[in-house]
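Report on the structure
Now for the letters of each chain:
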Amino acid sequence: MKKYLCYFLFLLWLYYLIISSVLLFTRGFLLSRVVQKVNSTCLSHSEIPCPSKGSSYFNVSKSAVEQCSQKEKIVSVLSEYNSASSICLPPKARIVLLIVDALRYDFTVYDENNNNPLPFQNKLPTIHRLRSKHPELTRLYKFIADPPTTTMQRLKGLTTGSLPTFIDAGSNFATSEINEDNIIDQLLKNNYNVVFMGDDTWNGLYPNRFMRNYPYPSFNVWDLDTVDNGVRDNLYRELNNTDWNLLIGHFLGVDHCGHRYGPNHPEMERKLGEINTVLENVVEQIDEHTMLFVIGDHGMTSTGDHGGESVDEVTAGLFVYSKQPLLDLGENKDTVKQVDLVPTLSTILGVPIPFQNLGILMLNCLPMSNISGVENWRSALYSLWANVQQVLNYIREYSETTDTFSEESLSTFYHTFTVLSGKIYSVNDGGTFHYTSKELIEFVSNLRQLCEDVWIQFDSLSMTRGLLFLFLTLFFVFIIMDGIPVYRLSEIFVSSFLLCSYLAVFVAACFGVALYYFEAVDNLSSTILFTTGVISQLMLVMLIIPNWEVISLNWYCKSKTERIPNLICRIVIAFNLCGLFSNSYIIEESFVLLFLLITVILVGTMGIIAAIPKVEGRQKAQAANTVKWYKIKLLLLAALIAALVRVSMYFWRCREEQQWCFASPHEVSNITAKMETTKLQWGITVVCLAIFVFATKEWLRHGGNLDGYSMTVAAVKFIPTVVVVCIAGYWVLRRLPSNNEQFNPLKSVNGLAWTIYGLTSVGILSAIINPLCIYVAPGRDSLVEVQNDEKVIPNLFRKVKTFLNEREEPKEDVRIVWGLATVYSSVFVVVGIYLTLLFGLLLGDAVAPSAVIMFMTTAFILIIMSVLRIEKVNTVDELFDVPNISVIVWIILAQYFFYGSGHQPTFPNISWEAAFIGTSGVFSNNFIPGALIIINTFCSYILMGVLLPLVLIMPFTIFVKAPSIAGKKSELQQATSVGEMGLFAKADLMFTSVFTLSCKYILGHGIRVFASMLAATIHCRHLMVWNIFAPKLIFEAIGLFVTLASVTCGYLILVRVNKKVETLVTVTLKKTS
């Protein structure tokens, strides 16, 4: 088996160990509650038998059904509190439920003293007018959502009354049908009808449930009007119908406006004005037996995002209007939980409260009883006690099926329930009701708190396994990669070690399956991950122990020559990892990475300048001026790159916790990301992309890589320029109004986006299929002399052939090959060009320059690291040993430009709009939007992973671009004549070095994931665990997975290039022999 294939198999094994460790940990850390399959039921008021004479108990004989009135039945029912959850009272009203997505509470508040309101202030005067004129008919609350504040999780809470768990946030793009008990199904079971219109997310949650259904695509956040217009078109017509009991209208314009522009934009004023008009019309049109509920499913941050648990995100608005007076019992609170809506709607509509509800009945939102002789407090107490029974029944069922709650806490609640069940029969007026209702509400609140506390219990065993396996994997692989010398490493991997390891892992997996088959374990996947993890660690130990003497000797030698660089590496890693245990550091991590990156640029440049030898001899003055000018140019270039990195701060996005950020120029960055760019910004972005394409083409042209006529060369000559034009056109069309009747640019916009996707894909595929950007001269007539300052291709192939085939002298008809000296690096530059242009499209016209800055900074740092390595070595073989400090710098690049490309490790700051570039918001699957969002978010990880082999290749490229860098070192001078073909001459050593480099790079990211896992474990009860530490862990883990994939791509591209070079050399040697 060839070495590069053995290395690839070991990489796959390493990937499996890392991914399985992370999955084991998250299985214990990110828990979800167990859904109960029980549904609430109750006897309908029409089925209630008459009570027996002289008794409050019911006569169940059919003959007695017609012997009493409905009023008598209800009076009898209200006296029997023990049956409250099993007998439903008649409906009190029909309900119009208008959901205004992202309706933050302060959007609903009207301040008469505010003479200069912002676009989102004082835009719902209808609410203020109704509250002022009819306080007995209206209610307004802060409507507190349970995080995560993603739309689908909020809709689950609003219809089931259950609490979402953190891990459920991941399903916002994978809307799945709700099978647990909910208010929609309860209405259908009780022969009531529901009509829906608006956000098509409801279709995924409740398919085939609605009597009439008007869904509209919801995920195109750039479309502010389609859904809202559709709701309005159908809403007024449906209000005239009388065959429904619940009418749901879900408006999305406010939410989409927030995502696209933020709340502080004129479009927000327009959308809220439309909602106000809708409210006016609905209030006028509904009848005496219909209530209006206007709710927000969540709020939004100051930048228009949501998904986290900041105050602005969880504080939505709830407005209630009824043409019948509302109850005025108990405390007049200004804040309620969103789950409290479910028991309230169920009570008004006369259906059972869903079984898994944890909400508390909002008494003051119930209409007054219209049955004479029935006190309002009595019917309210009956409904509230039904709520208490339902929640306690749920807790009892959950404890029996999951064994989650402690017996001690349950016995306390059962005892309290017994006491309360006796108290309710002593309530005989409004005064005693007030005190009793407070106790009942407190009881349900405590039950809900019990659930909240239990559902964040962690599986410590799974977490420990994940932490231990990941630590051991990173530790053992680092010992192997850093301790075992290169020559010994290649011998190990071509031996039977890998085959035996794969066989042992397979046997361990079979053993796990057998344990599950014989019911020795309960969870198959966890068992397989555990057994394969254990055997893998044993195999790694078996590799280390026989080679420990070699490892120790190698480390001893390195400690004498690399003491200071290794010390610097340890300090940087230690500080970088320690910061992950501090919530303040995580919030401000971008500043630390910016400081490290600029320090690397400046210190590296000064190191190169200091290493330039002093000039001696006759031409000392002229040479000294040349050296001086060289230093000045290098310093200017370093200053330019450092300035560009500093400019990338403009593209940072602010976290909700960074309050200082919104009072500084950083706020411009956030607004720019939401608002349409100005013509100047658009022009600067297009110019940046054009300069980037020109500069990279010049680099390739100077190396002779654009002289051929192959598919790859032709593509790189024309496709990048066409892509830049298409991107510019896409951004122009995107700025056009979508409501233009004569021209709707949507199809053209999507067409341009897919053209860009297609062209970049063709370019990348052509570079992989035919990676050699070279031109082979056809014969002797092409043997012309090429000056170094033109194309830097002297009689390169003659020297290469001589180097590879020293046994015979080259013949006279040796062919010239343009571009061979940079044959390896050129394909990575080409792939980098296409990826950068793709990143620019997905980042948007406001942030796209950050992709160019990222590529240029990467190129400059590559040059710095390469020159420093060349200065320190004396032989070519030493260049194949990449220093650890270079690996750390590469990791810092990936980490910093995550922030520098406008991202933050928080869910509200995810650029969801990337999912709609080239799409209409309607997806047959979630692969395309998910892939676009991952590419957008982790573009820096993708670029650094794919270009990782350049860290090894670039010194050989520098030999071609600047041969004088070799100085007086004879072996390095020889390397300048062959350039990157020196890599081909030592292909085995090249693959071993790239393999070691890849493993170390992956380990660097893995260490950060391990530190994030450990920090999340330590801070699992920290106030900020779900707001800071858990999101950081998730983003670091996904970044690691993206890194694994991109490093693999880079490695396979290198294998492909080497294979093609080998074929070229073999064919050419045959022709010239």
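What counts and how
- Residues numbered from 1 in each chain as written.
- Predicted model: local features only at pLDDT ≥ 70, side-chain atom pairs only at ≥ 80, totals over all residues.
- Heavy atoms only, no water.
- UniProt positions renumbered as here; feature names shortened; annotations may be inferred.
- Helix = DSSP H or I, 4+ residues; strand = E, 2+ residues; numbered from the N terminus.
- Buried < 20%, exposed > 50% of the residue type's maximum accessible area, 1.4 Å probe, protein only.
- Contact = heavy atoms within 4.5 Å.
- Areas by Shrake-Rupley, 256 points an atom, 1.4 Å probe, with all protein chains shown as cover.
- Disulfide = S-S within 2.5 Å.
- pLDDT = per-residue confidence, 0-100.
- Axes fitted to C-alpha atoms, helices over the stretch in contact; angles between N-to-C directions.
- Left-handed = near helix turned anticlockwise from the far one by under 90°.
- Nonpolar A, V, L, I, M, F, W, Y, C, P; charged D, E, K, R; others polar.
- Expected span 1.5 Å × (residues − 1).
- Patch = residues over 30% accessible without salt bridge, like charges linked within 9 Å, V, L, I, M, F, W, Y side chains within 5 Å.
- Salt bridge = Lys/Arg side-chain N within 4 Å of Asp/Glu carboxyl O.
- Core = buried A, V, L, I, M, F, W, Y, C linked by side-chain atoms within 4.5 Å.
- Phe/Tyr/Trp six-rings, centres within 6.5 Å; stacked < 30°, edge-to-face > 60°.
- Lys NZ or Arg CZ within 6 Å of the ring centre and 35° of its normal.
- Pairing = 2+ DSSP bridges.
- Arc of directions from axis to C-beta.

Within an unreviewed UniProt entry, the label attached to the protein reads GPI ethanolamine phosphate transferase 3, catalytic subunit, and the organism entered is Aromia moschata. In its Pathway (unreviewed entry) section, UniProt records this for the protein: "Glycolipid biosynthesis; glycosylphosphatidylinositol-anchor biosynthesis." UniProt annotates the protein under Sequence similarities (unreviewed entry) with the comment "Belongs to the PIGG/PIGN/PIGO family. PIGO subfamily."

Further remarks concern the overall build of the protein. If you tally the helices and strands in the protein, you get 39 helices and 10 strands. The proportion of buried residues among the 1073 residues of the protein is 57%. Residue pairs at least 24 apart in sequence account for 79% of intrachain contacts in the protein once pairs closer than 6 positions are excluded. On the protein, roughly 43,800 Å² of surface is accessible, and the fraction owed to carbon and sulfur atoms is 60%.

What follows covers the state of the cysteines. Evaluated as defined, the whole model comprises 1 disulfide. Here Cys42 engages in a disulfide with Cys88; their sulfurs sit 1.8 Å apart. The chirality of the disulfide connecting Cys42 with Cys88 is left-handed, given an S-S dihedral of about -110°. In this pair, Cys42 sits in the loop between α1 (3-29) and α2 (70-78) while Cys88 sits in the loop between α2 and β1 (94-100), placing the two residues 46 residues apart along the sequence. Take Cys42: its relative accessible area is 17%, and that puts it in the buried class. Of the residues examined, Cys88 reaches a relative accessible area of 8% and is grouped as buried.

Moving on: the confidence of the model for the protein. Across the protein, pLDDT averages 83, with 85% of residues at or above 70. Averaged pLDDT values over the elements of the protein bottom out at 40 in helix α25 (residues 666-674) and peak at 96 in helix α34 (residues 939-946). Counting interchain partners and residues more than four positions distant, the pLDDT-below-50 stretch residues 54-65 has 23 contacts. Across residues 806-812, where pLDDT falls below 50, the model places 10 contacts with residues more than four positions away in sequence or in other chains.

Put simply, helix α31 (residues 849-872) and α34 touch, their axes get as near as 11 Å, and they point 30° apart. Seen from above, α31 lies across α34 with right-handed handedness. Along the contact surface, α31 presents Met854, Phe855 and Thr858, while α34 presents Cys939, Ser940, Leu943 and Met944. Its residues assigned to classes, the contact of α31 with α34 comprises 5 nonpolar, 2 polar and no charged.

A few words on helix α30 (residues 823-843). For α30, which comprises 21 residues, the first-to-last C-alpha distance of 31 Å matches the rise-based estimate of 30 Å (1.5 Å per residue) to within 8%. Counting buried positions over the 21 residues of α30 gives 21, a clear majority of the element. Among the residues trailing α30, Gly844 stands out with phi positive, at a value near 95°.

Further remarks concern a nonpolar patch on the surface. Together, Met711, Leu765, Ile768 and Ile769 make up an exposed nonpolar region whose accessible area comes to about 370 Å². No other element matches the 3 residues that helix α28 (residues 746-769) contributes to the nonpolar patch. Note on placement: Ile768 falls in helix α28. When its relative accessible area of 32% is taken as the criterion, Ile768 is described as partly exposed.

A separate point is the nonpolar core. Ranked by internal contacts, the top residues of the largest apolar core, which has 200 residues, are Phe10, Phe29, Tyr824 and Trp890. It is helix α39 (residues 1025-1072) that provides the largest number of residues to this core, a total of 20 residues. Ignoring any residue separated from it by four or fewer positions in sequence, one finds Trp890 in contact with Thr858, Leu862, Met865, Met944, Leu947, Leu948, Val951 and Tyr1001. If you look at the next biggest cluster of nonpolar residues, it comprises 84 residues, including Leu205, Leu349, Tyr398 and Leu450.

Applying the stated criterion across every chain yields a total of 44 aromatic pairs. Consider the rings of Trp385 and Phe417, whose centres lie 5.0 Å apart with planes at 10°: the pair is stacked. Highlighted residues: Trp385 in helix α13 (residues 376-402) and Phe417 in helix α14 (residues 407-423), separated in sequence by 32 residues. Where Phe898 meets Tyr941, the ring centres are 6.4 Å apart and the plane angle is 75°; that geometry is what we call edge-to-face. Residue Phe898 is found in helix α32 (residues 884-900), and its partner Tyr941 is found in helix α34; the two are separated by 43 residues along the sequence. Across the pair, Tyr941 and Phe898 agree in class, each one buried. Pairwise contacts between aromatic rings join Tyr7, Phe10, Trp13, Phe493, Phe497 and Phe995 into one cluster. Its end group placed over the ring of Phe120, Arg104 keeps NZ or CZ at 5.2 Å from the ring centre. One cation-aromatic arrangement involves Arg465 over Phe530; the distance from NZ or CZ to the ring centre is 4.3 Å.

Another aspect to go through is the sheet that holds strand β6 (residues 290-295). Strand order in the open sheet formed by 8 strands is β4-β3-β5-β1-β6-β7-β2-β8, and the pairing between neighbours is mixed. Either end of the sheet is taken by a strand with one partner, and the two such strands are β4 (212-216) and β8 (335-337). Across this sheet, the average inter-strand angle for adjacent strands is 20°, counted without regard to direction. Where β1 and strand β5 (residues 246-251) come together, 6 bridges link them in parallel fashion. Bridging across to β5, Val100 finds its partner in Phe251. Packed on one face of the sheet, helix α8 (residues 226-239) meets β1, β3 (194-199), β4 and β5 and runs near 160° to β5.

The next subject is helix α17 (residues 486-493). For α17, the set of buried residues is Leu489, Ser490, Ile492 and Phe493. Down the axis of α17, the smallest arc covering the buried residues is 160°, so these residues share one side. Looking at the buried positions of α17, the neighbouring elements they touch are α1, α16 (460-483), α18 (497-517), α19 (524-544) and α38 (987-1018).

Turning our attention to unusual backbone geometry. Positive phi, close to 60°, is recorded for Asn122, a residue that is not glycine. In this structure, Asn122 sits in the loop between α3 (105-108) and α4 (125-133). Residue class for Asn122 comes out buried when judged on its relative accessible area of 13%. Despite not being glycine, Asn208 has its phi angle at roughly 60°, a positive value.

To continue, consider the pattern of salt bridges. If you walk through the whole model with that rule in mind, you get 24 salt bridges. Where Lys271 meets Glu274, a salt bridge forms, and the shortest distance between an N and an O atom there is 2.7 Å. With Lys271 and Glu274 both in helix α10 (residues 266-285) and 3 residues apart, the pair spans about one turn of that helix. An identical accessibility class is assigned to Lys271 and Glu274; each is buried. Residue Lys1000 pairs with Asp482 through a salt bridge whose shortest N-O separation is 3.2 Å. Here Lys1000 is found in helix α38, whereas its partner Asp482 is found in helix α16, with 518 residues between them in sequence.

Of note, Thr126 is situated in helix α4. In contact with Thr126, other than residues within four places in its own chain, are Asn276, Leu279 and Glu280.

Take Met990: it is sitting in helix α38. Judged by relative accessible area, Met990 falls into the buried class, the value being 0%. For Met990, the residues in contact, after removing those within four places along its chain, are Tyr824, Phe880, Leu952, Leu983, Leu1054 and Asn1058.

Let us now look at the environment of His903. Relative to the helices and strands, His903 resides in the loop between α32 and α33 (927-937). His903 sits in the buried class, given a relative accessible area of 2%. Separated by 250 residues in the primary sequence, His903 and Arg653 place their C-alpha atoms 6.1 Å from one another. Residues in contact with His903, not counting those within four places in the same chain, are Leu843, Phe898, Ser911, Asn936 and Thr937.

Among the secondary structure elements, Val572 is positioned in helix α21 (residues 563-578). The buried category is assigned to Val572, whose relative accessible area is 19%. In this structure the C-alpha to C-alpha distance between Val572 and Leu596, which are 24 residues apart in sequence, comes to 8.8 Å. Sequence-distant contacts of Val572, defined by excluding residues within four places in its chain, comprise Ile888 and Ile892.

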